[in-house]
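# Geometric and topological summary
What follows is the residue order along each chain.
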Amino acid sequence: MKKYESFDIIKKIDIQQFKGLQNEVITHFHNPKGILFPISISCFGITYPTNNYYIKRASVSGYILEHIIEGKGYVVVNGKKTAVTAGDTYMLKTGESVEYYSDTQDPYKKLWVNFQGVLPAQIVSIYKLRDTVYKNVELVELFEKLYELDKISTDISEIHFDIANIITQMLLALAKSVEDNRFIPERANLIRVELNHAINTSFNLEKICEKLFISKSEVIRIFKKSYGITPYQYLLDLKISKAKSILESGTASVKEISEILCFSSPYHFSEVFKQKIGISPLQYRKKMRGE
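So, a few notes on the structure that sits alongside this text. (Residues numbered from 1 in each chain as written. Predicted model: local features only at pLDDT ≥ 70, side-chain atom pairs only at ≥ 80, totals over all residues. Heavy atoms only, no water.)

### Observations regarding the overall build of the protein chain
A tally of helices and strands in the protein chain yields 11 helices and 11 strands. In terms of overall dimensions, the protein chain is globule-like: its C-alpha atoms have a radius of gyration of 20 Å, near the 19 Å expected for 291 residues. Considering only C-alpha atoms, the protein chain reaches an extent of 60 × 45 × 35 Å along its principal axes. Out of the 291 residues belonging to the protein chain, those deemed buried represent 48%. When contacts within the protein chain are restricted to residue pairs at least 6 apart in sequence, long-range pairs at least 24 apart make up 73% of them. Roughly 14800 Å² of accessible area belongs to the protein chain as shown, and the carbon and sulfur atoms make up 52% of that amount. For the protein chain, the separation between the mean place of its 39 positive charges and that of its 33 negative charges on side chains is 2 Å. (Helix = DSSP H or I, 4+ residues; strand = E, 2+ residues; numbered from the N terminus. Rg over C-alpha atoms; globule rule 2.2 N^0.38 Å. Buried < 20%, exposed > 50% of the residue type's maximum accessible area, 1.4 Å probe, protein only. Contact = heavy atoms within 4.5 Å. Areas by Shrake-Rupley, 256 points an atom, 1.4 Å probe, with all protein chains shown as cover. Lys, Arg positive; Asp, Glu negative; His and termini not counted. Charge placed at Lys NZ, Arg CZ, Asp CG, Glu CD.)

Below is the structure:
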């Protein structure tokens, strides 16, 4: 994706105040033919951790969907403030007055897309997507597919079917999560939150058990019943997701990454990474950088 130093295009739309935007990577799309498609996107990008990131919009134009990969942030919609953390997704909707910003101590990294059209409006209405924040929605793979589109074209008229397919899947994933979360016990969500905070530590299920006053076997049973995997597998997935982010955006060695994420050794980290992703960490870095 292209890195933009100027944000005049965005500022002309609906942003009132902003800072920390230099830490974003953005791709803009254009519609030279002026055709009104059922779904189109204006831009998408990745916001990297920064403790002074802040955006204020008087009235959102279209829809903004943002998925938190790591860290913590806050979103304020029509005066109501909500904290968001790794694994959370929030959607800002047409006409809403919003502010969103990173936590100063643990700034977030997020994937996002701005889109509009009659089709997303209908999906939002039909499935009653009234919430701002959604929990436990797996959107990373869909964002990765979205980010591949600029390799094909940034002309909306050439990729509008691909756009419609991906955005529709994202919105339906939010709708499904609303239904699924009705049946997820509160204790399962509490375990998930604890695991999200343990991404930079060694796995210690006993600490979670002590904090929640639940036995080890009960923690595993509750979590697996709700999410389909064990707490250990869930945490490994979080660690590998963060490792991918570090490999994409930094120069840290395999040894340094294994230490950051508290793997027992660089060899263990590399083995787990290859099992999950299919290639080694260094091969992944080269692939993402087009080397």
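There is more to say after this.
### Some remarks on unusual backbone geometry
Peptide bonds are trans in most cases, and residues, glycine excluded, mostly fall at negative phi. Phi at N78 is positive, roughly 50°, even though this residue is not glycine. Position of N78 relative to the elements: it lies in the loop between β6 (72-77) and β7 (80-85). Exposure remark for N78: the relative accessible area of 55% places this residue in the exposed category.

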